[in-house]
Amino acid sequence: MTSRTISVGALARVEGEGGLEIVLRDGEVKSAALTIFEPPRFFEALMRGRAFTEAPDIAARICGICPVAYQMSAVHAMEDALGVRVTGPLRDLRRLLYCGEWIESHMLHVHMLHMPDFLGYAGGVDMARDHGDIVRRGLAIKKVGNEIMTLVGGREIHPINVRVGGFYRAPRKRDLRALAERLERALEQALQVARFVAGFDFPDCARDYVFVSLRHADEYPFNEGRIVSSRGLDIAARDFETHFEEFHVQRSTALHARMRHCDAPYLVGPLARYALNADVLSPLAKEAAREARLESVCVNPYRSIIVRAIETIFALDEALRIIARYEEPDASCIAIAPRAGVGHAATEAPRGMLYHRYRLEADGTIADAIITPPTSQNQAMIEEDLKRLTGAFVHLPEDELRHRCEQTVRNHDPCISCSTHFLRLEIDRG
Amino acid sequence: MSGQGHRTPSAPRLAVWKFASCDGCQLSLLDCEDELLAVAQALDIAYFPEATRAPIRGNYDLSLVEGSVTTPHDAERIQDVRRRSRALITIGACATSGGIQALRNFADVRDYASIVYARPDYIHTLATSTPISDHVKVDFELRGCPIDKVQLIEVISSFLARRKPTTPSHSVCLQCKLKGNVCVMVARGTPCLGPVTHAGCGALCPSYDRGCYGCFGPAETPNAPSLSAQLAALGMDEDALRRVYRTFNAQAEAFREESERHDE
């Protein structure tokens, strides 16, 4: 019997720190393990004893790349606990802020983290030497996402303007309108990006994924919706813990998650959102998906780069729609009185669904917090992908095989800092 | 970003390291959309795992370090980073003052582990989260949670020009006045940490009608007890006063001391 271990020390072009270990026996993948050794930061513990008003600022610090997702999940969960519902222009502004984060995060992942795998470079800056125009185009679109974040949120990393009940200050109509022209230009560029990435040479593969995402009757989901799966699950966010559970494995500081009762790994993120919500994409995004020959359900994880480009088109389109109809609200925030209660919320971070639950004391102090980030939820499915997809590449030389493993992980844009928690590859060939 | 010598042999070699953190400060470099490619031409970005898969190789002229030291392994790793670096600059609140995760320094980390993890015995962590300067010599500390990207470009440019970075050490208050903001504390009675907080953000929160919450840490000569008296007059109780200093720079000396004055 011949066997070998392939290991990636610290996985690059991901957020945070982790590694992976693959054991090969007689040319087959025996096991694949993602080891997340990001030092634990204990957010759920340090939330205890803080005021409900402090949660959005603290939760943002879980992740520098998707702080809006953490802020939005926190404010919605708090509002659920306190019996408040944010509607009208304030709700629109939250969607707009989310558009900014999707545009920024997706374009970073597409150009700087994922595209170099397809074009054969170590990273985006390397790639820029031969493909300067492509990288500059990606950065230009990304910049518009950051401009939305800066205008609505105050800054692109850890926005300061988000609060339970709304915002500290609502942006002026004319300031938002001033963004429209740049958004139009970015939308043109994003359509070119979708065409470009659709032409990549994708490994031929299909995975039988259980997809999970939010679903809203008439919107592509950001902040609100029911939790649905490709196998017929359809629940309110408050029932998340009845149907999903987190568990702890020794090799990882990130918790894993699974669906109760069926013990099956599941996938959150762009592939899942697209599979479950493509019908409510904007007409322009639908047209771009058709042109990119994206099937109605995409089960090839390497093609997730196309889905990210389509979602970027949607986010730009949606941002333009929100800005066009925006009227300044009478107040930037709904007044809120503290009370005891439990609040739940799920929102869609760029890399997948995120769940928060808080229990509040009568004076609004946080008694306990549960935060389930997308990477924890995807960890088991990423290991499945490694096990099933890298089998086809075991004949490759060590370096290429290692690279293919890394790419297989990067398909899912795992955010390891989020998991409060990413990558080292070890290949054991015995 | 390969470090394979595409540039002139004299281009200084840059490395970006991460310890316990959210990745936000190194993301600031990737958020410099207009300057990123220029930076990449002036420097050989030799090690930057968030952005490139090139391996650790040899020594570096400039290391940017994000994150705090929270594990025995990281306490050793920072020594190796220092040995490999001609200049070492810390970026962000985690690296300069321990970050939000330094809240464990005021609690029992075993309690924290048992709250978050079903099997706390699988978790290897230090009882404290400490800034990089507690472990090795640091050549310059850039404040902020997150850092300001304009300041980051200034720090990198000054390194290239071999001069001292010009980043102000006065308070947010001064930036607020320069910006022409109406004082949120005087005019509206909104509690604000601006008088004791290090400048750098451009007085962002008061510009958005909210009080500063101290994400750049203490200014050079803060008078926190005096500010606390004002905050108390605005209605903050002892518990709120302790919490207001105990956020993203809780371990920075002036904030730590002031928060401890309000411990029961």
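Everything here concerns the structure above.
Residues numbered from 1 in each chain as written. Chains lettered and ligands numbered in written order. Predicted model: local features only at pLDDT ≥ 70, side-chain atom pairs only at ≥ 80, totals over all residues. Heavy atoms only, no water.

Asks: Is there a simple way to explain the overall build of chain A in this structure?
Replies: A tally of regular secondary structure across chain A gives 13 helices and 14 strands. For 430 residues, the compact-globule formula gives about 22 Å, and the C-alpha radius of gyration of chain A, at 21 Å, lands near that figure. Over its C-alpha atoms, taken along the principal directions, chain A stretches across nearly 70 × 45 × 35 Å. By the burial criterion, 70% of the 430 residues in chain A qualify as buried. Looking at chain A as shown, the accessible area adds up to about 13700 Å², and 46% of this sits on carbon and sulfur atoms. When the 54 positive and 60 negative side-chain charges of chain A are each reduced to one mean point, those points stand 2 Å apart. (Helix = DSSP H or I, 4+ residues; strand = E, 2+ residues; numbered from the N terminus. Rg over C-alpha atoms; globule rule 2.2 N^0.38 Å. Buried < 20%, exposed > 50% of the residue type's maximum accessible area, 1.4 Å probe, protein only. Areas by Shrake-Rupley, 256 points an atom, 1.4 Å probe, with all protein chains shown as cover. Lys, Arg positive; Asp, Glu negative; His and termini not counted. Charge placed at Lys NZ, Arg CZ, Asp CG, Glu CD.)

Asks: I would appreciate a short explanation of the packing of helix α11 (residues 238-245) of chain B against helix α12 (residues 253-261) of chain B in the present structure.
Replies: The angle between the axes and the distance between the axes are what describe a pair of packed helices. All names here are of chain B. Orientation of α11 relative to α12, taken along the N-to-C sense of each, is 165 degrees, at an axis distance of 8 Å. Judged on the interaxial angle alone, α12 and α11 are roughly antiparallel. As for how α11 packs across α12, the hand of that crossing is left-handed. Mapping the contact onto sequence places Glu238, Arg242 and Tyr245 in α11 and Phe255, Glu258, Ser259 and Arg261 in α12. Split into classes, the residues belonging to the contact of α11 with α12 amount to two nonpolar, one polar and four charged. (Axes fitted to C-alpha atoms, helices over the stretch in contact; angles between N-to-C directions. Parallel < 35°, antiparallel > 145°, perpendicular 65-115°, else oblique. Left-handed = near helix turned anticlockwise from the far one by under 90°. Contact = heavy atoms within 4.5 Å. Nonpolar A, V, L, I, M, F, W, Y, C, P; charged D, E, K, R; others polar.)

Asks: Got a minute to help me understand the interface of chain A and chain B in this structure?
Replies: Size of an interface, as often reported, equals the accessible area lost when the parts are brought together. Each partner contributes residues to the interface: chain A has 67 residues there, and chain B has 61 residues. Interface area for chain A against chain B, summed over the two sides, is near 5500 Å², with a carbon-plus-sulfur share of 60%. Among the residues chain A hides against chain B, the three largest losses belong to A:Phe42, A:Val125 and A:His248. Together they make up 13% of the total. Across the chain A-chain B interface, the total number found is six salt bridges. Note that B:Asp34 and A:Lys143 form a salt bridge whose closest N and O atoms lie 2.4 Å from each other. Joining chain A to chain B, the criterion identifies 23 residue pairs in polar contact (both at pLDDT 80 or more). For the side of chain A that touches chain B, the elements supplying multiple residues, two or more each, are α1 (43-46), α2 (55-60), α4 (88-119), α5 (124-130), α6 (132-153) and α13 (398-410) of chain A. (Buried area = accessible area lost by both parts, 1.4 Å probe. Salt bridge = Lys/Arg side-chain N within 4 Å of Asp/Glu carboxyl O. Polar contact = N/O pair within 3.5 Å; in protein donor to acceptor, adjacent residues only side chain to side chain.)

Asks: Even after reading the chapter, I still don't get α6(A), so can you show me in this structure?
Replies: Along an α-helix, a turn takes 3.6 residues, which lines up residues three or four apart on a common side. Residue and element names in this part refer to chain A. For α6, which comprises 22 residues, the first-to-last C-alpha distance of 30 Å matches the rise-based estimate of 32 Å (1.5 Å per residue) to within 8%. Burial within α6 is extensive, with 16 of its 22 residues counted as buried. Looking at the residues trailing α6, positive phi occurs at glycine 154, about 95 degrees. (Expected span 1.5 Å × (residues − 1).)

Asks: I would appreciate a short explanation of the nonpolar core in the present structure.
Replies: Nonpolar side chains in soluble globular proteins tend to be buried together. Residue and element names in this part refer to chain A. Ranked by internal contacts, the top residues of the largest apolar core, which has 195 residues, are Ile310 and Tyr358. It is α4 that provides the largest number of residues to this core, a total of 15 residues. The next biggest cluster of nonpolar side chains, apart from the first, holds 16 residues, and it includes Val210, Val212, Met259 and Val268. (Core = buried A, V, L, I, M, F, W, Y, C linked by side-chain atoms within 4.5 Å.)

Asks: Explanation requested: the pairing of strand β11 (residues 341-349) of chain A in the structure shown.
Replies: Each regular strand shows side chains that alternate between the opposite faces of the sheet. Residues and elements named next belong to chain A. When you tally the buried positions in β11, you get eight out of nine residues, the bulk of the element. Where β11 and strand β12 (residues 352-360) come together, nine bridges link them in antiparallel fashion. Looking at the pairing, valine 342 lines up with arginine 359 of β12. In this antiparallel pair of consecutive strands, β11 and β12, the connection spans two residues. (Pairing = 2+ DSSP bridges.)

Asks: Would you explain the pattern of salt bridges in this entry?
Replies: Any two side chains of opposite charge can pair, so long as their charged atoms come close to each other. Summed over the entire model, instances satisfying the criterion amount to 58 salt bridges over all chains. Close ionic contact of B:Asp44 with B:Arg13 constitutes a salt bridge, the shortest N to O distance being 4.0 Å. Of this pair, B:Asp44 sits in strand β2 (residues 44-47) while B:Arg13 is found in strand β1 (residues 13-18), placing the two residues 31 residues apart along the sequence. Residue B:Arg84 pairs with B:Asp80 through a salt bridge whose shortest N-O separation is 3.0 Å. Taken as a pair, B:Arg84 and B:Asp80 lie in helix α3 (residues 72-84) at a separation of four residues, close to a single helical turn. When salt bridges that share partners are traced, they join A:Arg50, A:Glu54, B:Asp239, B:Arg242, B:Arg243, B:Arg246 and B:Asp263 into one network.

Asks: Which parts of the structure should I look at to understand the packing of helix α10 (residues 224-233) of chain B against α11(B)?
Replies: Residue and element names in this part refer to chain B. The geometry of α10 relative to α11 is characterised by a closest axis approach of 11 Å and an angle of 135 degrees between their N-to-C directions. One element, α10, and the other, α11, form an angle in the oblique class. In the packing of α10 onto α11, the handedness of the crossing is right-handed. Along the contact surface, α10 presents Ala224, Leu227, Ser228, Leu231 and Ala232, while α11 presents Leu241, Val244 and Tyr245.

Asks: What is the right way to look at the environment of A:Val75 in this model?
Replies: Residues and elements named next belong to chain A. Structurally, valine 75 can be placed in helix α3 (residues 67-82). For valine 75, a relative accessible area of 0% translates into the label buried. As a C-alpha pair, valine 75 and arginine 404 span 329 residues in sequence and 39 Å in three-dimensional space. Sequence-distant contacts of valine 75, that is, excluding residues within four places in its chain, are made with Pro56, Arg94, Val162, Arg163 and Val164.

Asks: I would appreciate a short explanation of helix α11 (residues 304-325) of chain A in the present structure.
Replies: In this model, α11(A) (22 residues) spans 31 Å end to end at C-alpha, consistent with the 32 Å of a helix rising 1.5 Å per residue. Judged by how many residues are buried, α11(A) sits mostly within the fold: 19 of 22 residues are covered.

Asks: Where do I start with the sheet that holds β12(A) in this structure?
Replies: Pairing between the strands of a sheet is mediated by backbone hydrogen bonds and can be parallel or antiparallel. Residue and element names in this part refer to chain A. An order of β11-β12-β13 is seen for the three strands of this open sheet, with the pairing classed as antiparallel. Strand pairing shows two members of the sheet lacking a second neighbour, β11 and β13 (366-372), which therefore form its edges. Sheet twist, expressed as the mean angle between neighbouring strand axes with direction ignored, is 15 degrees. Packing of α3 onto the sheet brings it into contact with β11, β12 and β13, and relative to β11 it is tilted by some 150 degrees. Across the face of the sheet, helix α12 (residues 374-389) comes into contact with β11, β12 and β13 while running at roughly 130 degrees to β12.

These figures come from the coordinates and say nothing about function on their own.
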